[in-house]
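# Architecture at a glance
Residues per chain, in single letters:
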Amino acid sequence: MSFTVKINGSTHSVDVDGDTPLLWVLRDVLGMTGTKFGCGMALCGACTVHIDGVATRSCITSIESLGKSQITTIEAIGETPAGAKIQKAWLDHEVVQCGYCQSGQIMSASALLASNPHPSNADIDDAMSGNICRCGTYVRIREAINLAAQTNEKGD
Amino acid sequence: MIPDRIAFRASDTNLSRRSFLGTSAAIGGGLILSLNLPLGQSKAANSDSFAPNAFIRIGSDGQVVLTMPYVEMGQGTYTSIPMLIAEELDVSLKQVRLEHAPPNEKLYANPLLGVQATGNSNAMRGAWKPLREAGATARMMLVAAAAKRWGVDAKSCRAQDGEVIHVPTGRRLKYGEVVAEAAHMPVPGNVTLKSPGDFKLIGTRAKRLDAPAKVNGTALYGIDARPAGVKIATLAQSPVFGGRVKSVDATAAKAVKGVRQIVRLDDAVAVVADHMGAAKKGLAALKIEWDDGQHAKLGTEEIARELEQATLGSGAVAQNTGDADKAMASATTKVEASYQMPFLAHATMEPMNCTVHFRKDECEIWIGSQAMARLQAMAAKAAGLPVEKVNVHNHLIGGGFGRRLEADGAVRAVEIAKHVDGPVKVVWTREEDIQHDMYRPYWFDRIAAGLDDKGRPVAWKNRFAGSSVIARWLPPAFKDGVDPDSTEGAIDLVYDLPNFHVEFVRVEPPGIPTAFWRSVGPSHNVFVTESFIDELAAAAKQDAVAYRRALLDKSPRAKAVLDLAAEKAGWGQALPKGRGRGVSLQFAFGSWLAQVAEVEVSKEGAVRIRRVVCAMDCGTVVNPDTVQAQLQSGIIFGATAALYGEITLKNGRVEQTNFDAYQMLRMNEAPSIEVHIVKSSEPPGGMGETGTSAIVPAIANAIYAATGKRLRKMPVDASLLKQA
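Note that the coordinates shown come from a computational prediction; the quantities given were computed from them, not determined experimentally.

### Things to note about the overall build of chain A
- When helices and strands are tallied, chain A shows five helices and five strands.
- Counting from the amino terminus, helix and strand elements in chain A follow one another as β-β-α-β-β-β-α-α-α-α.
- A compact globule built from 156 residues should have a C-alpha radius of gyration of about 15 Å, and chain A, at 15 Å, falls within 12% of that.
- If one aligns the C-alpha atoms of chain A with their principal axes, the spans along those axes are about 45 × 30 × 25 Å.
- Burial analysis of chain A (156 residues in total) assigns 63% to the buried set.
- Considering only residue pairs separated by 6 or more positions, chain A has 58% of its internal contacts joining residues 24 or more positions apart.
- Put simply, chain A shows about 5500 Å² of open surface, and 51% of that area lies on carbon and sulfur atoms.

Have a look at this one:
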């Protein structure tokens with residue numbers, strides 16, 4: 001069956017079963033490989049994208065469930081104000097190591113910062129604990145989110 | 001894997017430069033990690049480019065391309081190795097572009113291992129001299145070429161930021177302008193390396209060169225390879241190691257939209273499809289009957305029992321000093337204990353994968369590998385082709401930890417690709433990845449010490465049993481029943497132990513393959529020795545830091561890191577009830593490290609690691625930010641294993657399947673980590689694995705301090721810590 005999906009401002013038509021997870025449409029059908037496969041069960045967060053601005057695990061999100069939602073991926077997150085701040089903080093604070101989980105980390109952190117310009121440590125725990133990093137960059141991720149939040153003016 | 005002391009072909013460290021000289025630009029084929037642009041294909045060097053050795057190529061446009069003999073899996077190699085070359089070549093990191101080295105053991109072997117592999121935290125140790133010499137050689141030839149063109153003495157010229165400057169006149173030539181002549185300059189017989197005082201890059205917090213591509217989704221890992229027309233496959237392998245496929249009913253699988261083909265092998269079935277969604281759906285629809293084979297009833301307990309039994313016999317002597325039996329007999333106090341470490345999976349974030357295009361007389365492979373030449377050889381064997389007909393493209397690695405030193409995945413992918421027309425990317429589901437890993441060995445240790453009337457250890461005896469990964473991976477290094485990896489951290493201890501006897505009993509477990517796992521031998525041995533020395537301190541009723549310190553007169557660098565960590569951690573200061581501090585001290589991978597962990601244990605027995613303070617002496621620091629990052633990383637990796645890591649077998653099957661049962665430390669559990677680095681001008685030591693082995697005993701010792709309970713079996717069992 002054919003589905004129409006809106007990704008990063010463009011409309012794509014894909015011919016797959018309705019229960020196909022969005023992750024595989026992105027990676028294998030459309031060739032957008034920035035979104036990563038980690039577990040297939042929403043346990044690790046590597047596949048995180050934004051659906052209408054909400055951080056969502058694309059590995060368990062079926063294509064038929066998307067309707068007219070707007071999907072944003074790592075390839076375009078830098079075009080959002082929160083995404084750009086997070087990416088810059090990630091670079092300034094030298095967060096990445098192997099980097100494989102970082103697309104998902106950045107998508108989760110960007111959604112957090114967009115909805116909560118000055119997150120507390122508990123807010124960061126809540127938003128980020130679904131994202132596993134085997135390289136253990138957690139300490140720097142927390143610091144980078146705080147760094148990005150500092151660039152938000154007070155009362156944002 | 002191989003500590004320096006029995007390094008293979010170690011003399012090649014000096015010879016390597018000369019053997020590389022004269023090699024022209026035989027480097028094409030690898031993918032480029034571009035620093036300014038998204039990834040692209042390697043350009044063949046044009047005829048007037050300058051390639052004085054296998055690592056450096058400078059085009060007439062001035063572009064400096066560095067070919068990376070070590071792979072980037074997060075440890076920062078793609079920044080620290082270029083820093084070495086750029087320092088001596090006198091270019092800025094902004095001027096360089098990186099390529100992954102192709103498989104070529106002659107050109108790209110790690111001088112400390114003798115094989116082309118990235119592991120054992122020894123990239124920097126192996127590269128420190130030869131790659132600076134490679135940069136210096138190129139610089140001298142460029143300077144000579146410019147001097148010749150100007151008709152001046154080369155001694156009156158110097159290099160700076162990619163240019164040659166004639167000092168008396170201020171004339172300048174960019175490197176790109178003299179590459180054609182430089183290529184014909186004689187290769188200097190002796191190169192003088194910069195003295196540390198002249199370093200501009202080494203020692204600085206240079207930014208990671210791979211970071212920009214990793215924050216915007218353009219970094220390419222093996223799993224992102226998409227050769228034209230590629231199909232996606234996923235697989236089910238015999239749930240019991242050594243089992244076979246008995247029958248397959250693929251009727252329902254073939255009816256799944258997007259499924260193209262079912263490939264049946266002896267011990268696995270693969271579903272080939274247009275995309276992974278269809279492949280997984282097809283796999284779920286397969287009805288496979290397995291013949292479980294001889295390990296159908298195997299359980300972890302059986303393996304542990306066999307290892308325990310083995311420690312009651314005798315093993316190969318790994319180290320013997322003095323007379324431990326005699327000293328033990330006359331000791332005032334005898335302390336005995338046994339320790340166990342579980343099987344562990346690697347669980348790299350990037351699941352195992354390999355893309356293969358098999359043709360009649362050649363084979364092309366896309367993968368992220370820590371050991372390219374080994375992979376090429378094994379893939380060629382599986383393909384039934386000569387090695388030179390197998391073209392391997394390496395990629396960034398989404399977590400290695402030793403898993404990608406193995407080529408089993410590539411072999412499997414080749415077996416599948418032989419049945420597929422066109423390229424196929426084989427992707428392991430997380431379940432397959434965890435249940436068909438090659439695991440850190442299970443170990444059983446029996447250890448004893450005798451103390452004199454002052455509590456000082458006068459005898460030390462340790463016999464441990466487990467798999468020797470080296471015996472399979474690098475057979476020549478397994479000699480007389482011992483190997484340098486299995487024993488690292490159990491022998492050559494920093495402590496003054498006059499009567500010392502350590503034996504290793506090699507026991508290969510049935511029905512479960514073993515492999516290197518981040519921090520390898522020390523991941524086991526440092527836990528045992530540092531837990532046991534803590535037990536001795538307790539038996540002697542002495543402070544754990546003071547007790548260690550009194551045994552360190554022959555190890556000043558060890559004493560210095562212990563003192564520094566203790567001071568920074570506030571060792572000895574009171575803590576609230578339920579909290580405790582534990583210390584560990586290790587010399588491994590050529591570096592000295594002390595850690596103090598502070599834990600909190602709840603009434604229910606839940607352990608929370610609050611804070612870790614470490615002091616590191618890793619010799620010359622190439623990039624202090626990398627040292628800090630690797631310690632943070634290693635500590636989280638080891639803490640994950642200490643709190644959660646355990647792979648168990650039941651009925652021959654690995655019981656854990658995904659991150660629900662094989663748990664990882666997460667953001668809300670991450671401790672604060674403080675890193676203190678000791679200044680040193682000694683040659684660099686290894687970094688990437690040190691934090692992992694040192695944190696496990698620090699946690700166990702902290703739990704003891706908090707609760708009085710000594711945990712001798714990892715991972716932490718909260719039920720043992722629950723307050724009645």
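### Side note on the pairing of strand β2 (residues 10-15) of chain A
All names here are of chain A.
- Sheet topology places strand β1 (residues 2-7) next to β2; six bridges connect them, and they run antiparallel. Note on β2: the bridge partner recorded for valine 5 is histidine 12.
- The loop that links β1 with its antiparallel partner β2 comprises two residues; one of these, asparagine 8, has a positive phi angle of about 50 degrees.

### With respect to a negative patch on the surface
Residue and element names in this part refer to chain B.
- A contiguous patch of negative charge on the surface is contributed by Glu301, Glu302, Glu306 and Glu655.
- Among the structural elements, glutamate 302 can be located in helix α10 (residues 300-310).
- For glutamate 302, a relative accessible area of 38% puts it in the partly exposed group.

### Some points on the sheet that holds strand β12 (residues 259-264) of chain B
Residue and element names in this part refer to chain B.
- Here we have seven strands laid out as an open sheet, ordered β12-β13-β10-β20-β17-β18-β19, and mixed in their pairing. Each edge of the open sheet is held by one strand with a lone partner, namely β12 and β19 (390-394). Recorded for the sheet is a direction-independent mean angle of 20 degrees between the axes of neighbouring strands.
- Pairing analysis gives three bridges linking strand β10 (residues 231-237) to strand β20 (residues 424-427), with the strands arranged parallel. Along β20, the bridge assignment pairs lysine 231 with valine 424.

### Quick look at the interface of chain A and chain B
- On the chain B side, the residues contacting the 54 residues of chain A number 62 residues.
- Taking both partners together, chain A and chain B bury about 4700 Å²; carbon and sulfur atoms supply 57% of that area.
- One salt bridge connects B:Lys281 with A:Asp19, and the closest N-O pair in it is separated by 3.0 Å.
- In this assembly, chain A and chain B are joined by 36 residue pairs in polar contact (both at pLDDT 80 or more).
- Counting residues per element, the ones that place at least two in the side of chain A that touches chain B are α1 (22-29), α2 (81-92), α3 (102-115), α4 (121-128) and α5 (138-150) of chain A.
- The greatest single-element share of the side of chain A that touches chain B, amounting to five residues, is contributed by α5(A).
- In terms of residue class, the side of chain A that touches chain B is made up of 25 nonpolar, 16 polar and 13 charged.

### Thoughts on the environment of B:Gln435
All names here are of chain B.
- Positionally, glutamine 435 belongs in helix α14 (residues 430-435).
- Remark: the alpha-carbon pair of glutamine 435 and lysine 106, spanning 329 residues in sequence, is separated by 35 Å.
- In contact with glutamine 435, not counting residues within four places along its chain, are Phe241, Val654, Gln656 and Thr657.
- Within the structure, glutamine 435 has its side chain in polar contact with the backbone oxygen of valine 654 (distance 2.6 Å).

### Considerations on the nonpolar core
- Judged by nonpolar contacts, the single largest core of 213 residues is most densely connected at A:Trp90, B:Leu142 and B:Trp460.
- Within the second largest apolar cluster, 34 residues are counted, among which are B:Leu265, B:Ala268, B:Ala383 and B:Ile416.

### Observations concerning the pattern of salt bridges
Residue and element names in this part refer to chain B.
- Applying the stated rule across the entire model yields 49 salt bridges over all chains.
- Notably, a salt bridge pairs aspartate 292 with arginine 653, separated by 3.2 Å at the nearest N-O pair. Residue aspartate 292 is located in the loop between β14 (287-291) and α10, and its partner arginine 653 is located in strand β28 (residues 653-654); the two are separated by 361 residues in the primary sequence.
- By relative accessible area, aspartate 292 is classed as buried at 19%.

### Comments concerning the packing of α3(A) against α5(A)
Residues and elements named next belong to chain A.
- At a minimum axis separation of 11 Å, α3 and α5 run at an interaxial angle of 40 degrees. In terms of orientation, α3 and α5 fall into the oblique class. At the point where α3 passes α5, the crossing takes the right-handed sense. Across from Gln102, Gln105, Ala109, Leu112 and Leu113 in α3, the residues of α5 making contact are Ile141, Ile145, Ala148 and Ala149.
- Along the lines of polarity and charge, the residues of the contact of α3 with α5 split into seven nonpolar, two polar and no charged.

### Looking at the packing of aromatic side chains
Residues and elements named next belong to chain B.
- Applying the stated criterion to the full structure yields 14 aromatic pairs over all chains.
- Arranged with centres 4.3 Å apart and planes meeting at 35 degrees, the rings of phenylalanine 587 and tryptophan 592 form a pair that is tilted.
- Residue classification places phenylalanine 587 among the partly exposed residues on the basis of a relative accessible area of 33%.
- Residue tryptophan 592 is classed as buried on the basis of its relative accessible area of 16%.
- Aromatic rings pair up to connect Phe401, Trp517 and Phe637 into one cluster.

### Description of the pairing of strand β3 (residues 48-51) of chain A
All names here are of chain A.
- Both faces of β3 are covered, namely the face carrying Thr48 and His50 and the face carrying Val49 and Ile51.
- Summarising the sheet, β3 and strand β4 (residues 54-57) pair through four bridges and their orientation is antiparallel. Considered in β4, the bridge of histidine 50 is made with alanine 55.
- Where β3 folds back on β4, the antiparallel hairpin that results is connected by two residues, among which aspartate 52 adopts a positive phi of roughly 50 degrees.
- Sheet topology places β3 next to strand β5 (residues 70-72); two bridges connect them, and they run antiparallel.

### Overview of the sheet that holds strand β25 (residues 591-601) of chain B
Residue and element names in this part refer to chain B.
- The strand order across the open sheet formed by four strands is β24-β25-β26-β29, and the pairing between neighbours is mixed. Two strands bound the open sheet, and with one partner strand each, they are β24 (579-588) and β29 (672-677). Pairs of neighbouring strands in the sheet enclose a mean axial angle of 15 degrees, with direction left out of account.
- Inspection of the sheet shows β24 paired to β25 by ten bridges, in the antiparallel sense. The residue of β25 that forms the bridge with glycine 580 is valine 599.
- Most of the contacts of helix α19 (residues 556-569) go to strand β26 (residues 607-617), to which it runs at about 140 degrees, and overall it touches β24, β25, β26 and β29.

### As for the side chain of B:Thr300
Residue and element names in this part refer to chain B.
- Mapping threonine 300 onto the fold places it in helix α10.
- A residue is classified by how much of its surface remains accessible, and threonine 300, at 8% relative accessible area, is buried.
- Discounting residues that sit within four places of it in the chain, threonine 300 has contacts with Phe343, Tyr442, Thr648 and Leu649.

### Concerning the packing of α2(A) against α5(A)
Residue and element names in this part refer to chain A.
- With their axes 8 Å apart at the nearest point, α2 and α5 run at an angle of 125 degrees to one another. As judged from the angle between their axes, α2 and α5 are oblique. The two elements α2 and α5 meet at a crossing, and its hand is right-handed. Contact residues: Lys85, Ile86, Ala89, Trp90 and Asp92 in α2; Ile141, Ala144, Ile145, Leu147 and Ala148 in α5.
- Tallied by class, the residues present in the contact of α2 with α5 amount to eight nonpolar, no polar and two charged.

Cut-offs applied
Residues numbered from 1 in each chain as written. Chains lettered and ligands numbered in written order. Predicted model: local features only at pLDDT ≥ 70, side-chain atom pairs only at ≥ 80, totals over all residues. Heavy atoms only, no water. Helix = DSSP H or I, 4+ residues; strand = E, 2+ residues; numbered from the N terminus. Rg over C-alpha atoms; globule rule 2.2 N^0.38 Å. Buried < 20%, exposed > 50% of the residue type's maximum accessible area, 1.4 Å probe, protein only. Contact = heavy atoms within 4.5 Å. Areas by Shrake-Rupley, 256 points an atom, 1.4 Å probe, with all protein chains shown as cover. Pairing = 2+ DSSP bridges. Patch = residues over 30% accessible without salt bridge, like charges linked within 9 Å, V, L, I, M, F, W, Y side chains within 5 Å. Salt bridge = Lys/Arg side-chain N within 4 Å of Asp/Glu carboxyl O. Lys, Arg positive; Asp, Glu negative; His and termini not counted. Charge placed at Lys NZ, Arg CZ, Asp CG, Glu CD. Axes fitted to C-alpha atoms, helices over the stretch in contact; angles between N-to-C directions. Buried area = accessible area lost by both parts, 1.4 Å probe. Polar contact = N/O pair within 3.5 Å; in protein donor to acceptor, adjacent residues only side chain to side chain. Nonpolar A, V, L, I, M, F, W, Y, C, P; charged D, E, K, R; others polar. Core = buried A, V, L, I, M, F, W, Y, C linked by side-chain atoms within 4.5 Å. Parallel < 35°, antiparallel > 145°, perpendicular 65-115°, else oblique. Left-handed = near helix turned anticlockwise from the far one by under 90°. Phe/Tyr/Trp six-rings, centres within 6.5 Å; stacked < 30°, edge-to-face > 60°.

Worth remembering: the numbers are spatial, not functional.
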